[in-house]
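Report on the structure
Here are the chains, one letter per residue:
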Amino acid sequence: YYDTFVVLVPATMKLPSTAKIFLVAFSMLEGVTGLLAVNRRTFWKNLGAAGAAAVTFAPRSAEAAFDPYTFNHQYDDPKHPNCKRIVVVKKDGVAMVSGTVGKPACPEDGDPEVWRLTGEAEGEALAIDFSEAGGPEDMKGKWDGDGIQWSDGNKWYIKGMLPKPKEPEAPDAETPKSEAAPISS
């Protein structure tokens, strides 16, 4: 994944209209403004006669590639079924977490008692003080692809992504059933 892609095109290069359309579409998709793009054949054909071109790729660091807005979801908390869990991370890295009280579960229609907490998001990590909600002061959370893995071992899954409980295994057909004990008189 690259952060920067720059192509310098000689001003003397004439572009067919399809190349201009490609340029505008590419620029819009990539969020680039003021970029002139051409198709590959035209670019290389005119490059030799017209001058030089520079292409720069600047790979992003893994830390820079993570978007803290990824945390912004409603979550399912397996330790507190039916309880609301919402995380919102703002541009400045302030994390706001809210939920409903469950002891341990909430009623099917939720619980009216709400708690609201703040903390910090830095990269793929959250630091939240859960003490006002009856939890630990220094809870750490880490994004793991489909939710937040907390330092206490709990995991909040993005709403609707909570794994289904495993079904109990059916007994094998080959396992002999126990015979009833004879009735004694």
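Above this note sits the structure.
Residues numbered from 1 in each chain as written. Predicted model: local features only at pLDDT ≥ 70, side-chain atom pairs only at ≥ 80, totals over all residues. Heavy atoms only, no water.

Right, let's talk about the sheet that holds strand β8 (residues 139–143) for a bit. Around the barrel, which closes on itself, the eight strands sit in the order β3-β4-β5-β6-β7-β8-β9-β10 with antiparallel pairing between neighbours. Taken pair by pair, the neighbouring strands of this sheet meet at an average axis angle of 30 degrees, ignoring direction. Direction of pairing for strand β7 (residues 125–128) relative to β8: antiparallel, over a ladder of four bridges. In the strand pairing of β8, I128 is matched with M139. (Pairing = 2+ DSSP bridges. Helix = DSSP H or I, 4+ residues; strand = E, 2+ residues; numbered from the N terminus. Axes fitted to C-alpha atoms, helices over the stretch in contact; angles between N-to-C directions.)

Here we come to the pattern of salt bridges. Under the defined criterion, the tally for this structure stands at five salt bridges. The shortest N-O distance in the salt bridge between D146 and K155 comes to 2.4 Å. We classify K155 as buried; its relative accessible area is 11%. (Salt bridge = Lys/Arg side-chain N within 4 Å of Asp/Glu carboxyl O. Buried < 20%, exposed > 50% of the residue type's maximum accessible area, 1.4 Å probe, protein only.)

Let us now look at the state of the cysteines. One pass over the structure, following the stated rule, counts one disulfide. Note that C83 is cross-linked by a disulfide to C106, the S-S spacing being 2.0 Å. Disulfide C83-C106: the torsion about the S-S bond is 100 degrees, which places it as right-handed. Placement of the pair is C83 in the loop between β3 (73–76) and β4 (85–89) and C106 in the loop between β5 (94–100) and β6 (114–122), with a sequence separation of 23 residues. Neither C83 nor C106 differs from the other in exposure class; each is buried. (Disulfide = S-S within 2.5 Å.)

The next subject is the packing of aromatic side chains. Given two aromatic rings, their pairing is described by the distance between the two centres and the angle made by the two planes. Using the criterion set out here, one finds six aromatic pairs in the structure. Taking 5.4 Å as the distance between ring centres and 85 degrees as the angle between the ring planes, the aromatic pair formed by F130 and W150 counts as edge-to-face. Pair noted here: F130 is in the loop between β7 and β8 and W150 is in strand β9 (residues 147–150), with a separation of 20 residues, a long-range link. Classification of W150 by relative accessible area gives buried; the value is 4%. A network of ring pairs unites the aromatic residues Y75, W115, F130, W150 and W156 as a single cluster. (Phe/Tyr/Trp six-rings, centres within 6.5 Å; stacked < 30°, edge-to-face > 60°.)

Below, the discussion takes up a negative patch on the surface. A cluster of like negative charges, contributed by D129, E132, E137 and D138, occupies part of the molecular surface. As for its position among the elements, E137 is in the loop between β7 and β8. (Patch = residues over 30% accessible without salt bridge, like charges linked within 9 Å, V, L, I, M, F, W, Y side chains within 5 Å. Areas by Shrake-Rupley, 256 points an atom, 1.4 Å probe, with all protein chains shown as cover. Lys, Arg positive; Asp, Glu negative; His and termini not counted. Charge placed at Lys NZ, Arg CZ, Asp CG, Glu CD.)

Right, let's get into unusual backbone geometry. The phi torsion of most residues other than glycine is negative, and most of the peptide bonds are trans. Across the junction of K103 and P104, the peptide omega takes the value -10 degrees, indicating a cis bond. With respect to the secondary-structure elements, P104 resides in the loop between β5 and β6. Non-glycine residue N82 carries a positive phi angle of around 70 degrees. Within the fold, N82 resides in the loop between β3 and β4. With a relative accessible area of 38%, N82 lands in the partly exposed category.

Another point: the pairing of β3. Sheet analysis places β3 next to β4, joined by three bridges and oriented antiparallel. Bridge assignment links Q74 to a residue of β4, and that residue is I86. Here β3 runs beside strand β10 (residues 155–158); their pairing, made up of two bridges, is antiparallel. Bridged to Y75 within β10 is I158.

Moving on: the layout of surface pockets. For the largest pocket, the calculated volume is near 320 Å³. Surrounding the largest pocket, 17 residues form its lining, D77, H80, R85, F130 and A133 being those nearest its centre. Across the lining of the largest pocket, the residue classes tally to eight nonpolar, five polar and four charged. (1 Å grid on protein atoms, 1.4 Å probe; cavity = no way out; pocket = protein on both sides within 12 Å on 5 of 7 lines; lining within 4 Å. Points joined across faces, edges and corners; volume = space filled by probe spheres on them. Nonpolar A, V, L, I, M, F, W, Y, C, P; charged D, E, K, R; others polar.)

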